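Report on the structure
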Amino acid sequence: MNIIASAVTLNVDDVAAASAFFTTHLGFHESVANGAYACLVRPDAGADIVLQLREAGERPATGVVLTFTVTDVTAEYDRLVREGAAVSVPLRREPWAELLFELTDPNGIVVRLVEWTAPAGA
């Protein structure tokens, strides 16, 4: 596996408010945002912050997801399924140009592997 970036995903009730906090107070800026999702970056940070709107029935607002951007998420998905890893969210494409899947470790920690792709319709 070749990890090329890292991010911490925070499931929040108000993406805009959370984004305003991190951009105003901590010097991040939005690289991608669509109302239900925002990716916050800064050139000197070791990891990006991803803000994701919490949906009813999903993880609590305080839930944290460890995210790794990889170079071939489909190959990683296939490998991990073959190995019997606990895939909690199957491979899917998000409208903001992200191909992803999630694993859950034995302690309940969610690990998301993603690959940025061309946006839908591009």
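Located above this text is the structure these notes cover.
So, here is what we can say about the structure in this document. On a predicted model such as this, the values are computed, not experimentally measured, just so you know.

In terms of regular secondary structure, the chain is built from 2 helices and 8 strands. Within the chain, the proportion of its 122 residues that are buried is 35%. Residue pairs at least 24 apart in sequence account for 50% of intrachain contacts in the chain once pairs closer than 6 positions are excluded. Split by element, the accessible area of the chain, about 6700 Å² in all, is 57% carbon and sulfur.

Another aspect to go through is the side chain of Glu 102. Tracing the sequence through the fold places Glu 102 in strand β7 (residues 98-104). Among the residues examined, Glu 102 registers a relative accessible area of 1% and is labelled buried. For Glu 102, the side chain forms a polar contact with the side chain of Arg 112, separated by 2.4 Å.

Here we come to the nonpolar core. Soluble globular proteins: nonpolar side chains tend toward being buried together. Among the nonpolar cores identified, the biggest contains 9 residues, and these are Val 12, Val 15, Ala 18, Phe 22, Phe 28, Ala 38, Leu 40, Ile 49 and Leu 51. Put simply, the parts of the chain that give this core at least two residues each are α1 (15-26), β3 (37-41) and β4 (48-53). The biggest single contributor to this core is α1, with 3 residues. Look past the residues within four positions of Ile 49 in its chain and what remains in contact with it is Val 8, Leu 10, Phe 22, Phe 28, Ala 38, Cys 39 and Leu 40. One finds Val 73, Tyr 77, Phe 101 and Leu 103 within the second-largest nonpolar core, a separate group that totals 8 residues.

Within the secondary structure, Thr 67 is located in strand β5 (residues 64-70). Among the polar contacts listed, one links the side chain of Thr 67 to the side chain of Thr 9, at a separation of 2.9 Å. In this structure, Thr 67 is in contact with Ala 5, Ser 6, Ala 7, Thr 9, Arg 112 and Val 114, ignoring residues within four places of it in sequence.

Moving on: the sheet that holds strand β2 (residues 29-33). Reading across from one edge, β2-β3-β4-β1-β5-β8-β7-β6 is the order of the 8 strands in this open sheet, with mixed pairing throughout. Of all strands in the sheet, those bounded by a partner on one side alone are β2 and β6 (87-94). Adjacent strand axes in the sheet meet at a mean angle of 25° when their direction is disregarded. As paired elements, strand β1 (residues 3-12) and β4 share 6 bridges and run parallel to each other. Looking at the pairing, Val 12 lines up with Leu 53 of β4.

Attention now moves to helix α2 (residues 73-82). Among the residues of α2, Val 73, Glu 76, Tyr 77 and Leu 80 are the ones counted as buried. One side of α2 carries all its buried residues, which in axial view fall inside an arc of 100°. Those residues of α2 that are buried lie in contact with β5, β6, β7 and β8 (110-116). Looking one or two residues beyond α2, the residue adopting positive phi is Gly 84, at roughly 80°.

Conventions adopted
Per-chain numbering applies: the sequence of each chain, read as written, is numbered from 1 onward. Selection of residues for local features in this predicted model requires a pLDDT of at least 70, selection of side-chain atom pairs for listing and counting requires 80 or more, and totals for whole chains, interfaces and linings are taken over all residues. Side-chain numbers here rest on the full set of heavy atoms in the structure, without hydrogens or water. Where helices and strands are cited, they refer to DSSP runs of H or I of at least four residues and of E of at least two residues respectively, numbered from the N terminus. Exposed residues in this analysis have more than 50% of their type's maximum accessible area, buried residues have under 20%, and partly exposed residues fall in between, with area computed by a 1.4 Å probe over protein chains only. Residue contacts are defined here by distance: any two heavy atoms, one from each residue, within 4.5 Å place the two residues in contact. Per-residue and other accessible areas were derived by the Shrake-Rupley procedure at a 1.4 Å probe size, with only the shown protein chains allowed to occlude residues. Here a polar contact is taken to be a pair of N or O atoms separated by no more than 3.5 Å, where protein atoms must pair a possible hydrogen donor with a possible acceptor and residues adjacent in sequence count only if both atoms sit in side chains. The definition of a nonpolar core used throughout is a set of buried Ala, Val, Leu, Ile, Met, Phe, Trp, Tyr and Cys residues joined through side-chain atoms within 4.5 Å. DSSP calls a pair of strands paired once it identifies at least 2 bridges connecting them. Axis angles are defined between N-to-C directions and span 0 to 180 degrees, where every axis is a line fitted to C-alpha atoms and, for a helix, only to the segment in contact. Here the arc refers to the directions that run from the helix axis out to each C-beta atom.

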